[in-house]
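Chain by chain, the residues run as shown.
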Amino acid sequence: VKVEEKLYQNRYLVDAGRPHIRVKPHQTPSRGLLAMTHLCPAGCYNLSESGQVEVSADGCVECGTCRIVTQTTGELEWNYPRGGFGVLYKFG
Ligand code: SF4
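Residues numbered from 1 in each chain as written. Predicted model: local features only at pLDDT ≥ 70, side-chain atom pairs only at ≥ 80, totals over all residues. Heavy atoms only, no water.

So, the overall build of the protein
At step 1: Check the secondary structure of the protein and you find three helices and six strands.
At step 2: Reading the protein from its N terminus to its C terminus gives the helix and strand order α-β-β-α-β-β-α-β-β.
At step 3: A compact globule built from 92 residues would reach a C-alpha radius of gyration of about 12 Å, and the protein, at 13 Å, matches this within 12%.
At step 4: Taking the principal axes of the C-alpha coordinates as reference, the protein spans close to 40 × 30 × 25 Å.
At step 5: Across the 92 residues of the protein, 29% fall into the buried class.
At step 6: Long-range contacts, defined as pairs at least 24 residues apart, comprise 65% of the intrachain contacts of the protein with a sequence gap of at least 6. (Helix = DSSP H or I, 4+ residues; strand = E, 2+ residues; numbered from the N terminus. Rg over C-alpha atoms; globule rule 2.2 N^0.38 Å. Buried < 20%, exposed > 50% of the residue type's maximum accessible area, 1.4 Å probe, protein only. Contact = heavy atoms within 4.5 Å.)

A word on the side chain of Asp15
At step 1: Along the chain, Asp15 turns up in the loop between strand E1 (11-13) and strand E2 (21-23).
At step 2: Here Asp15 is in contact with Arg82 and Phe85, once residues within four sequence places are set aside.

Section: the side chain of Asn10
At step 1: The topology assignment puts Asn10 in the loop between helix H1 (3-7) and E1.
At step 2: Assessed through its relative accessible area of 16%, Asn10 is described here as buried.
At step 3: Apart from residues no more than four positions distant in its own chain, Asn10 is found in contact with Val61, Val87, Leu88, Tyr89 and Lys90.

With respect to the site of the ligand
At step 1: Near the ligand lie 14 residues; those nearest to it are Cys40, Cys60, Cys63, Gly64 and Cys66.
At step 2: For the shell around the ligand, the residue count by class is eleven nonpolar, two polar and one charged. (Near = heavy atom within 4 Å. Nonpolar A, V, L, I, M, F, W, Y, C, P; charged D, E, K, R; others polar.)

What about the packing of aromatic side chains?
At step 1: Applying the stated criterion across every chain yields a total of one aromatic pair.
At step 2: Aromatic side chains Trp78 and Tyr80 sit 4.9 Å apart centroid to centroid with 85 degrees between the ring planes, which places their arrangement in the edge-to-face category.
At step 3: Under the relative-accessibility criterion, Tyr80 is labelled exposed at 55%. (Phe/Tyr/Trp six-rings, centres within 6.5 Å; stacked < 30°, edge-to-face > 60°.)

Some words on the nonpolar core
At step 1: Core analysis: the largest hydrophobic core is formed by 13 residues, its most contacted members being Ile21, Leu33, Tyr45, Cys66 and Leu76.
At step 2: Secondary-structure elements contributing two or more residues to this core are E2, helix H2 (31-39) and strand E5 (76-78). (Core = buried A, V, L, I, M, F, W, Y, C linked by side-chain atoms within 4.5 Å.)

Details of the pattern of salt bridges
At step 1: Tallying each qualifying case throughout the model produces one salt bridge.
At step 2: The residue Asp15 makes a salt bridge to Arg82 at a minimum N-O spacing of 2.8 Å. Highlighted residues: Asp15 in the loop between E1 and E2 and Arg82 in the loop between E5 and strand E6 (86-88), separated in sequence by 67 residues.
At step 3: The partly exposed category is assigned to Arg82, whose relative accessible area is 40%. (Salt bridge = Lys/Arg side-chain N within 4 Å of Asp/Glu carboxyl O.)

Topic: the environment of Leu13
At step 1: Residue position: Leu13 is located in strand E1.
At step 2: Contact partners of Leu13, with chain neighbours within four places excluded, come to Gly84, Phe85 and Gly86.

Put into structure tokens, the structure is as follows:
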């Protein structure tokens, strides 16, 4: 079973207007942040046409990879979703 198929087992409750991850404004992303467009298991990161990395945290499985990868660059504001929001795991 592919990861993408497994992700369909999860449900996600969007906290509208209060994303729990934000990318701070930047001109050029660090290599780590850029790599997130490939590393995020939920595909939350994209590269915009103007070369900036964007995040859409809906569907985030809270694995923490992006938080660790950008730990030294400080490019992200990363918080867990408010209680009751975010990913809902069906199987553990
Ligand atoms: Fe993607 Fe994991 Fe970061 Fe969520 S915590 S945006 S799933 S890398």
